[in-house]
Amino acid sequence: MIAKKLRLLLLATLILPVPFSAQGQTLPNDGNIPSPVFPVPTERQMNWLETEFYGFTHYGPNTFVGSEWGNDRKPNAKEYAPQTMPDCDGWVEAMQSAGMKGAVVVCKHHDGFCLWPTESTDFSVLNSAGVGPQVDIPKLVSEACAKRGMKFGAYISPWDASNEHYATKKYITDVFMKQITEICKNYGDMFEIWFDGANGGTGFYGGSSLTTRTIDNATYYDWDNLLDSIHKMQPECVVWGREFRWCGNEDGYSGKTCWSNYHLNAGGEFNLNTGVEDGLIFMPSEVDVRTTSKWFWTSADEANIKSSERLFQIYLESVGRNATLIMNCAPNTSGTLPAKLVTNLAGLGDLIEARLTNDFAAGKTVTADKTRTPGNFAAGNITDGNKNTYWATNDGEKTASFTIDLGETKTIHYVMLQEYIRLGQRVKSFTIETSTDNSSWQTFASGTTIGYKRIMALNDNTGSYGSGQAARYVRVKITDSKECPLIQTVSVY
Ligand code: FUL
C-alpha cells in the first residue's frame, strides 16, 4: 500500500508543473502566455460580464400612488393594494424576448416597503391591502427566472426613508443586514445585487418632507464587510458599487472610451462614464436605463415608452461600449407590463437577432502582420468561435493589424470586437477599414477602448441602421495599447 502511494507521489511530481512556492524562482511558461496587465476580473465578474443584458423592475407602493421615491409622504402599507397576483412570469418572459439574460427586481426601494414577507419591519406586503399579503415578489421573480433559464438578482435600497432606526447602527444590524440575508438565503442563486447611492441627505439626493438624517455613505454601510457577507451567502453575486460601477447617467450610454479599470477614492464618484485607464481595481460599468421617463409606472408615462429602435441604440451604446445594460420594465397597478412595452421589448429582441447574430466572419481566414511566438496565438483564433483562444503580439509590440477575409463581398453594418479580458484591458485606440479587393481601403470606423466587448457601427452611427458598406476584407489596426494586444473575437455583421 505504502509502495503504491510512493509510486503515485513520484508520478505526480513528474507530471505536475514545478511548484510555485520557491521565491525568486522563474516560473515555467511553456505556453508563452502574456503577463497580465492588472487589474484583471474575478471569475464572478467574468460570468457577470458575459450576462451582458438584463432587466430591472420597479414596482411597489409607488406604482399605486404615482411616486418615484416615496419619501414624499408618511409610510402606509395599505397603499400597496394589488387586486390580483402580479404576473411576474410575464415580466420575465417579456425581458427574455428582448434578449435579456437575467432579471433584477426591486425588493425594497427608498420608501422602505418590503415586497416580501420580511421579519425586519412591519412595513411590508404582510400589512398591505388587496391580495398584497400573499405576494412575495423575489419568490415569484426568482421562480420565473429559474423556469426560463434566466439569472436572478435583487435591488435593496440602503436608504430607507421610513425606518425609525435609519442612520443608527441598529438599522444596519437589525434591519438592512437582516433584509439582505433574507433575500440572499431564501430565493436561490443570485448573479447581482443592486444598492444605491441615495441616502436621504440634503445634498444631491434632495431633502424630504419627512425627517431626513444625513449619513456618511462610505463609512455607514461598511461596504467591505458587506461584500464579504454577501459572497459567503451568494458566491456568484456581484455587488453594486464594489464589483461594478454605475455608469454615471440614467440616459442609457457608456463612454465611447470605457475602461473597466476604476479607482475608488475619498473624493467619491468620478469618471464613472469612462472609467480610469490606470485605475487600480477592476470595476466595469453598468448602464441603468428607463424604458419611459420614470422608474415607476404611471399611466401618463406610457406615452413615453421608447421605441424598439431607440432601445437598440441604447444597447449599442452600452453593451457595445464595454458595459453591461440593465433596462427597467415597470409593471402597472394590475401587475403586468404595458402592452406597448411588451411589444417594443420583443421588437428589440428582433433587432438584435436580425442585426447582430449572423456573423460573416465566423470561421473565416485571418492574417496578421505580427503574431506572438512561440505559442498558440494565431490570427485564426479571432474567428474560431472559442472564447478561450486569442491572437496576440510579442511583448512590447503595441501596434499591429489583422485582416479578415469574408470569402465574398457582403454589405456590413457592425463590427464587434472583444479583448481577452481575463489578462486585463489593453487597447487604447484602433481603426477598422474595409476593402472589396484587398488593395483599396475605406474607413469603417475608429475607436479608443475595446474591453470585454465593443460594437462599432459604420461611422460610429448608432442611431440609424443605414445602408451599410460593401466589404470582402475587414482590416483592424490596433494603433495603441497598454501592452501587447490580445484579441479574442471579432465578428462582422
Ligand atoms: C436611483 C434611484 O434613486 C431611482 O429611484 C432608481 O431606483 C434608480 C435605479 O436608481 O438611484
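How each quantity is defined
Residues numbered from 1 in each chain as written. Predicted model: local features only at pLDDT ≥ 70, side-chain atom pairs only at ≥ 80, totals over all residues. Heavy atoms only, no water. Helix = DSSP H or I, 4+ residues; strand = E, 2+ residues; numbered from the N terminus. Buried < 20%, exposed > 50% of the residue type's maximum accessible area, 1.4 Å probe, protein only. Contact = heavy atoms within 4.5 Å. Domains from an automatic or database assignment. Salt bridge = Lys/Arg side-chain N within 4 Å of Asp/Glu carboxyl O. Polar contact = N/O pair within 3.5 Å; in protein donor to acceptor, adjacent residues only side chain to side chain. Nonpolar A, V, L, I, M, F, W, Y, C, P; charged D, E, K, R; others polar. 1 Å grid on protein atoms, 1.4 Å probe; cavity = no way out; pocket = protein on both sides within 12 Å on 5 of 7 lines; lining within 4 Å. Points joined across faces, edges and corners; volume = space filled by probe spheres on them. Near = heavy atom within 4 Å.

(A) Looking closely at the environment of Met190. Locating Met190 in the fold gives a position in the loop between α6 (169-186) and β4 (192-194). Look at Met190 and you get buried, because its relative accessible area is 2%. Sequence separation of Met190 and Pro28 is 162 residues, and the distance between their C-alpha atoms is 38 Å. The residues touching Met190, leaving out its near neighbours within four places in the chain, are Phe152, Ala154, Ile183, Cys184, Gln234, Glu236 and Cys237.

(B) The arrangement of the domain arrangement of the protein in detail. According to the domain assignment, the protein consists of domain 1 (43-356) and domain 2 (365-492). Between the C-alpha centres of domain 1 and domain 2 there is a distance of 35 Å. Contact residues are listed per partner, giving 25 residues for domain 1 and 21 residues for domain 2. On the surface where domain 1 and domain 2 come into contact, there are six salt bridges. Across the domain 1-domain 2 interface, the total number found is 17 residue pairs in polar contact (both at pLDDT 80 or more). For the side of domain 1 that touches domain 2, the secondary-structure elements that each account for two or more residues are α2 (43-51), α9 (308-316) and α10 (339-356). Its residues assigned to classes, the side of domain 1 that touches domain 2 shows ten nonpolar, six polar and nine charged.

(C) Quick look at empty space enclosed by the protein. If you walk through the whole model with that rule in mind, you get three cavities of 30 Å³ or more. Here the largest cavity is characterised by a volume of approximately 90 Å³. Around the largest cavity, the lining is made up of 13 residues, and of these Thr292, Trp297, Asp301, Ala330 and Pro338 lie nearest the centre. Here the residues of the lining of the largest cavity are counted per class, giving six nonpolar, four polar and three charged. Taken as a whole, the second largest cavity encloses approximately 70 Å³ of empty space. Residue lining of the second largest cavity: twelve residues in total, with Gly70, Arg73, Pro75, Asp111 and Phe123 positioned closest to the centre. Its residues assigned to classes, the lining of the second largest cavity comprises five nonpolar, three polar and four charged.

(D) Just the side chain of Asn163, in detail. Note on placement: Asn163 falls in the loop between β3 (151-156) and α6. Among the residues examined, Asn163 registers a relative accessible area of 12% and is labelled buried. The residues contacting Asn163, other than those within four sequence positions of it, are Thr121, Tyr171 and Val175.

(E) Seen up close, the site of the ligand. Around the ligand lies a shell formed by Phe56, His58, Trp69, His109, His110, Tyr155, Trp194, Asp196, Glu250, Asp288 and Trp295. Within the contact set of the ligand, an oxygen atom lies 2.9 Å away from a side-chain nitrogen or oxygen of His109. His110 places a side-chain nitrogen or oxygen 2.8 Å from an oxygen atom of the ligand. Among the residues making up the shell around the ligand, the classes are represented as five nonpolar, three polar and three charged.

(F) Local environment of the side chain of Ser401. Structurally, the position occupied by Ser401 is in strand β13 (residues 400-412). Residue Ser401 is classed as buried on the basis of its relative accessible area of 14%. If near-sequence neighbours (up to four positions away) are discounted, Ser401 is found in contact with Thr367, Ala368, Asp369, Val476 and Lys477.

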